[in-house]
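# Observations on the model geometry
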Amino acid sequence: MRYYPINVDLHGQSVLIVGGGKVAARKAKRLVAAGARLTVIAPVLAPALAELAEQGMLRHLEREYRHGDLAGAMLAFAATDDPQLNREVAAEAKERGILADVVDAPAQGAFTTPAVLEQGDLMITVSTGGASPALSRQIVTMIEPFFGPEYAEAVSLLGTVREKLLTEKVGNAYNDPVFAELAALNLPALIKNGQRDVIDQILLKLSATGARPGPDGADKKEPS
């Protein structure tokens, strides 16, 4: 395995994309959603990127990339249609110790971005190590029907239970079996079928009454 999978908190972090086309737009959408302070360097922006810029979601430098542009960035993306320019971005990133994704030559960069299926806080990623992004996206499309909005609600509910138990500083001897039992239940199916009473009984049984479904619990619909 060449790459090590990791989830990175980009909230408030400086991220740079060199390139303004469709590939850059796909990267930008997810980076903005993750809370990154995004800068895009390109003479022209694709419509999706231009819209984000107009909304103030990213900063657009309307020019070509210059050496030194990566200063202060946590991550960089070389996403132009010029292979040589992408290599120059990768080289500067290496000089500065910045992780870079080189979209047309993954081996030249430090990481690749997988295809992602999201339902709330549930994130399922598919990667071919940069060999075939199209295949990764195809696989996500194939599995998407199996993970509907009920999974977003199930993850939110499990997170509420976990937060309650950890806040109360209940010992691991109690936490571990509770988490294991909750994980073993098919909560998404119960939610999808509207079996709120069953979920309520389960949580009561596990002595997690503070996280019981109600106005602020599982009865509250999560956005899909």
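Residues numbered from 1 in each chain as written. Predicted model: local features only at pLDDT ≥ 70, side-chain atom pairs only at ≥ 80, totals over all residues. Heavy atoms only, no water.

## Looking at a negative patch on the surface
A contiguous patch of negative charge on the surface is contributed by Glu-64, Asp-81, Asp-82 and Glu-88. Mapped onto the elements of the fold, Glu-88 is located in helix H3 (residues 83-96). Residue classification places Glu-88 among the partly exposed residues on the basis of a relative accessible area of 37%. (Patch = residues over 30% accessible without salt bridge, like charges linked within 9 Å, V, L, I, M, F, W, Y side chains within 5 Å. Areas by Shrake-Rupley, 256 points an atom, 1.4 Å probe, with all protein chains shown as cover. Salt bridge = Lys/Arg side-chain N within 4 Å of Asp/Glu carboxyl O. Lys, Arg positive; Asp, Glu negative; His and termini not counted. Charge placed at Lys NZ, Arg CZ, Asp CG, Glu CD. Helix = DSSP H or I, 4+ residues; strand = E, 2+ residues; numbered from the N terminus. Buried < 20%, exposed > 50% of the residue type's maximum accessible area, 1.4 Å probe, protein only.)

## Describing the layout of surface pockets
By volume, the largest pocket is sized at about 1800 Å³. Every residue lining the largest pocket is counted, 47 residues in all, and those nearest its centre are Arg-30, Thr-112, Thr-113, Pro-114 and Val-116. Secondary-structure elements contributing two or more residues to the lining of the largest pocket are helix H1 (22-33), strand S4 (75-78), strand S5 (99-102), strand S6 (115-119), strand S7 (122-126) and helix H4 (133-143). With eight residues, H1 is the largest single contributor of residues to the lining of the largest pocket. (1 Å grid on protein atoms, 1.4 Å probe; cavity = no way out; pocket = protein on both sides within 12 Å on 5 of 7 lines; lining within 4 Å. Points joined across faces, edges and corners; volume = space filled by probe spheres on them.)

## Considering the nonpolar core
Soluble globular proteins tend to bury their nonpolar side chains together. Residues Val-15, Ile-17, Leu-31, Leu-38, Val-40, Leu-49 and Phe-77 are the most contacted members of the largest nonpolar core, which totals 20 residues. Top element by residues in this core is H1. It accounts for five residues. What Val-15 contacts, discounting residues up to four positions off in sequence, is Leu-10, Leu-31, Ala-36, Arg-37, Leu-38, Thr-39, Leu-75 and Phe-77. Core analysis: the next-biggest nonpolar cluster, separate from the first, contains 17 residues, Ala-73, Ile-98, Ala-100 and Val-102 among them. (Core = buried A, V, L, I, M, F, W, Y, C linked by side-chain atoms within 4.5 Å. Contact = heavy atoms within 4.5 Å.)

## Quick look at the confidence of the model for the chain
Across the chain, pLDDT averages 87, with 88% of residues at or above 70. Confidence over residues 208-224 falls short of pLDDT 50; this stretch has 37 contacts with residues more than four positions distant or in other chains. (pLDDT = per-residue confidence, 0-100.)

## Overview of the sheet that holds strand S3 (residues 58-61)
Ordered in space as S3-S2-S1-S4-S5, the five strands form an open sheet in which the pairing is parallel. The open sheet is flanked by S3 and S5, the only strands paired with a single partner. This sheet shows a mean twist of 15° between the axes of neighbouring strands, independent of strand direction. Set on the sheet, H3 makes contact with strand S1 (14-18), S4 and S5; between it and S5 the angle comes to about 165°. (Pairing = 2+ DSSP bridges. Axes fitted to C-alpha atoms, helices over the stretch in contact; angles between N-to-C directions.)

## Description of the packing of H1 against helix H2 (residues 47-54)
Where H1 contacts H2, the two axes come as close as 8 Å, and the packing angle between them is 35°. Between H1 and H2 lies a crossing whose hand is left-handed. Across from Ala-24, Ala-25, Ala-28, Lys-29 and Val-32 in H1, the residues of H2 making contact are Ala-48, Leu-49 and Leu-52. (Left-handed = near helix turned anticlockwise from the far one by under 90°.)

## A word on the pattern of salt bridges
Enumeration over the complete set of coordinates arrives at six salt bridges. Arg-30 is paired through a salt bridge with Glu-118; the nearest N and O atoms lie 2.3 Å apart. Of the two residues, Arg-30 sits in helix H1 while Glu-118 sits in strand S6, which places them 88 residues apart along the sequence. On the basis of relative accessibility, which here comes to 41%, the residue Glu-118 falls in the partly exposed class. Of the charged contacts, one joins Asp-69 and Arg-63 as a salt bridge, the two residues approaching to 2.9 Å between their closest N and O atoms.

## Here's the deal with the pairing of strand S2 (residues 37-41)
Of all five residues in S2, four are buried, a share of seventy percent or more. Sheet topology note: the S1/S2 ladder contains five bridges and is parallel. Note that in S2 the partner of Val-18 across the bridge is Ile-41. In this fold, the crossover linking S1 to S2 by way of H1 has right-handed handedness. Of the pairings in the sheet, the one linking S2 to S3 comprises four bridges and is parallel in character. Within the sheet, the bridge partner assigned to Ile-41 lies in S3 and is Leu-61. In the classification by handedness, the crossover that spans S2, the intervening H2 and the parallel S3 is right-handed. (Right-handed = clockwise from strand over helix to strand, strands pointing away.)

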